[in-house]
Amino acid sequence: MELLTDPAAWVGLLTLVVLEIVLGIDNLIFIAILAEKLPPHQRDRARVIGLSLALFMRLALLSIVSWLVTLTTPLFSLFGQGFSGRDLILLLGGFFLLFKATSELHERLEGVTHTATGSVAYASFGLVVTQIVVLDAVFSLDAVITAVGMVDHLPVMMAAVVISIGIMLWASKPLTRFVSAHPTVVVLCLSFLLMIGLSLVAEGLGFHIPKGYLYGAIGFSVMIETLNQWAKRNALKHEARRPLRDRTAASIIRLLGGRAPGEPAPDGAATDAALAAQPAFAVAERNMVSGVLSLAERTVRSVMTPRADISWVDLNDDPEAVREQLLDTPHGIFPVCRGSLDEVVGVGRAKDLLGHLLRHGKIDEMNESSGLRAPIYVPESTTVIRLIDTLRGARGQLALVSDEHGTLTGVVTPIDVLEAIAGEFPDEDETLEILQTAPDAWTVSGSADLHLLEQALQTHGLVSDDDSYTSVAGFLLARFGGLPQRDAHWVHDGYDFVVTEVDALRIRTVAVRRLPADAPET
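Note that the structure is predicted; figures quoted are calculated from it, not measured. (Residues numbered from 1 in each chain as written. Predicted model: local features only at pLDDT ≥ 70, side-chain atom pairs only at ≥ 80, totals over all residues. Heavy atoms only, no water.)

## Structural notes on the overall build of the protein chain
- In terms of regular secondary structure, the protein chain is built from 18 helices and 14 strands.
- A sequence separation of at least 24 residues applies to 62% of the contacts in the protein chain between residues at least 6 apart.
- Here the protein chain has roughly 28,000 Å² of accessible surface; of this, 62% comes from carbon and sulfur atoms. (Helix = DSSP H or I, 4+ residues; strand = E, 2+ residues; numbered from the N terminus. Contact = heavy atoms within 4.5 Å. Areas by Shrake-Rupley, 256 points an atom, 1.4 Å probe, with all protein chains shown as cover.)

## Regarding the pairing of strand 10 (residues 434-438)
- As judged from the four bridges shared by strand 10 and strand 11 (residues 441-445), these two strands associate in the antiparallel manner. Pairing of Ile434 across the sheet is with Val444, part of strand 11.
- Between strand 10 and strand 11, which pair antiparallel one after the other, the connecting turn spans two residues. (Pairing = 2+ DSSP bridges.)

## Here we look at the sheet that holds strand 6 (residues 340-349)
- With mixed pairing, the three strands of this open sheet are ordered in space as 4-5-6. Each of the sheet's edge strands pairs with one partner strand only, and the pair in question is strand 4 (313-314) and strand 6.
- Where strand 5 (residues 333-338) lies against strand 6, six bridges are found, and the strand directions are antiparallel. Bridged to Phe334 within strand 6 is Gly348.

## Looking at the pattern of salt bridges
- Taken as a whole and judged by the stated rule, the model has nine salt bridges.
- Note that Arg323 is salt-bridged to Glu320, the shortest N-O span being 2.7 Å. Of this pair, Arg323 and Glu320 both sit in helix 13 (residues 319-328), three residues apart, which is roughly one turn of the helix.
- Overall, the relative accessible area of 27% leaves Arg323 in the partly exposed class.
- Linking Arg323 and Glu324 is a salt bridge whose minimum nitrogen-to-oxygen distance equals 3.1 Å.
- Judged by relative accessible area, which is 33%, Glu324 ranks as partly exposed.
- Taken together, the salt bridges that share partners define one network made up of Glu320, Arg323 and Glu324. (Salt bridge = Lys/Arg side-chain N within 4 Å of Asp/Glu carboxyl O. Buried < 20%, exposed > 50% of the residue type's maximum accessible area, 1.4 Å probe, protein only.)

## Quick notes on the packing of aromatic side chains
- The tally for this structure, following the rule as stated, stands at four aromatic pairs.
- Feature note: the residues Tyr469, Phe475 and Phe497 constitute an aromatic cluster, connected by ring pairs. (Phe/Tyr/Trp six-rings, centres within 6.5 Å; stacked < 30°, edge-to-face > 60°.)

## Regarding the environment of Pro74
- Looking at the element boundaries, Pro74 is found in strand 1 (residues 74-78).
- As for Pro74 and Asp87, which are separated by 13 residues in sequence, their C-alpha atoms are 8.7 Å apart.
- Among residues more than four places away in sequence, those in contact with Pro74 are Phe83 and Ser84.

## As for helix 18 (residues 472-480)
- Of all the residues in helix 18, the buried ones are Val472, Ala473, Gly474, Phe475 and Leu476.
- Tucked into the core, helix 18 has its buried residues touching strand 11, helix 17 (450-457), strand 12 (489-492), strand 13 (495-502) and strand 14 (507-514).
- Just downstream of helix 18, Gly481 is the residue with a positive phi angle, here 80 degrees.

## Re the sheet that holds strand 7 (residues 377-379)
- Pairing in this open sheet of four strands is mixed, and the strands run 3-9-8-7 from one edge to the other. The strands lining the two open edges of the sheet, one partner per strand, are strand 3 (305-306) and strand 7.

## Observations concerning the nonpolar core
- Core analysis: the biggest nonpolar cluster contains 21 residues, and Val444, Leu453, Val472, Leu476, Phe497 and Val512 have the highest contact counts within it.
- When sequence neighbours within four positions are dropped, the list of residues in contact with Val512 reads Asp440, Ala441, Trp442, Val444, Leu457, Tyr495, Asp496 and Phe497.
- Ranked by size, the runner-up nonpolar core spans 13 residues in total, among them Val300, Met304, Val378 and Leu391. (Core = buried A, V, L, I, M, F, W, Y, C linked by side-chain atoms within 4.5 Å.)

## Describing unusual backbone geometry
- The phi torsion at Asp487 lies on the positive side, around 70 degrees, for a residue other than glycine.
- Positionally, Asp487 belongs in the loop between helix 18 and strand 12.
- At Asp493, a residue that is not glycine, the phi angle is positive and equals roughly 55 degrees.
- One can find Asp493 in the loop between strand 12 and strand 13.

Now the structure itself:
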């Protein structure tokens with residue numbers, strides 16, 4: 001009755017049951033390995049019989065050890081300190097727990113796993129049950145010594161052993177799966193073993209540590225681990241709300257050595273050293289894989305050539321001026337308009353337009369020999385994946401991009417799609433929009449694609465979540481809230497963006513510099 005009304009006994013019983021179960025996981029794993037040697041229909045029966053016999057053996061060991069610790073008569077003294085049979089048992093048990101916990105922690109932190117080797121052959125039922133009993137006797141030493149070190153009353157120890165073995169019999173498979181899926185629980189319990197072993201060594205040397213201190217430390221640690229498991233569960237729920245494709249893409253990029261969104265940006269030296277140490281996947285390879293994985297979520301607006309940069313042929317111009325334009329511009333295909341880009345009459349190849357000019361002196365859209373093709377329009381909200389299907393049927397023709405109001409906003413070609421995957425392929429009259437001028441410095445055009453800039457800088461967070469902007473100029477306009485002045489600064493993820501050229505309409509060039517790791521964000 002005194003034990004039933006003692007809160008310390010209940011706390012000790014609960015804690016000891018949990019420890020006995022976790023310490024018995026190794027037993028369950030090896031018992032499962034032994035049971036695999038039997039035919040499938042005998043495995044569960046062998047597991048139950050073996051653990052039941054091991055229960056009686058563990059109770060006998062517990063009684064013997066509990067009796068030994070009552071031997072308080074000094075047997076000898078060393079350096080003025082008397083040592084009894086109880087002290088020797090506590091010292092040996094404490095050192096055993098310290099060794100057991102340290103070796104287990106080392107194996108788990110080093111990634112050592114216990115697996116069955118060799119071919120599986122069926123053995124006799126009695127032999128396997130005998131092996132299970134002997135194996136449990138060997139693995140029971142840490143559990144028995146832990147019980148003696150934690151609780152002072154033999155009935156509480158026996159009750160904890162009986163309850164733990166009963167739970168192991170009833171839920172051996174779910175317990176094994178839980179502990180395998182939560183390795184931090186095992187590490188926490190092994191740290192408890194270290195603490196209990198240290199307390200046993202201290203008791204054996206004459207230093208008494210109140211059990212309440214152990215219970216308090218264990219209870220606090222269990223509470224922290226519970227919060228940790230709760231936070232991990234919530235994180236998994238949050239991760240599950242992300243589309244499967246996004247999670248798969250992030251995992252692939254991480255496997256290739258890239259930096260996932262939210263990870264801190266390393267400084268320049270660390271980045272260069274890390275990249276130099278990655279012979280399997282170079283930066284360009286990771287960027288191409290990232291480009292492919294992002295195609296399904298990118299729109300035509302993010303890869304097109306904007307309206308302001310379109311080279312087009314005006315039929316109202318003098319034929320000689322048109323000829324000079326076709327000869328001087330390296331593009332192979334042009335929108336052909338009358339007066340403005342909003343009056344598109346067709347799309348033509350440069351060689352066909354030049355040939356028609358030489359034969360007829362002008363380009364006549366009514367003449368079938370002019371080589372003009374009917375324009376292909378795509379909405380700017382179309383995904384790049386759907387655009388590829390459109391371009392595949394266009395036979396090398398460019399597509400005109402229009403907004404929701406029917407206004408032409410840009411053009412897109414197969415080269416634009418290729419650039420979204422593999423980076424820039426500038427024409428003879430173009431320069432690189434993202435040009436690295438120093439190990440930690442870049443000159444970036446205001447119209448540069450943010451996806452490509454993220455890849456070049458190995459950073460995240462530049463691309464708009466709602467597709468409200470697609471270029472560096474759009475990113476800075478959104479941050480500044482309007483057209484900034486020259487030399488305006490913006491710091492993002494360890495990079496300093498400086499507006500170096502701006503006119504009345506748009507940001508033309510931006511200088512980007514990687515800041516030292518200790519530089520403040522502004």
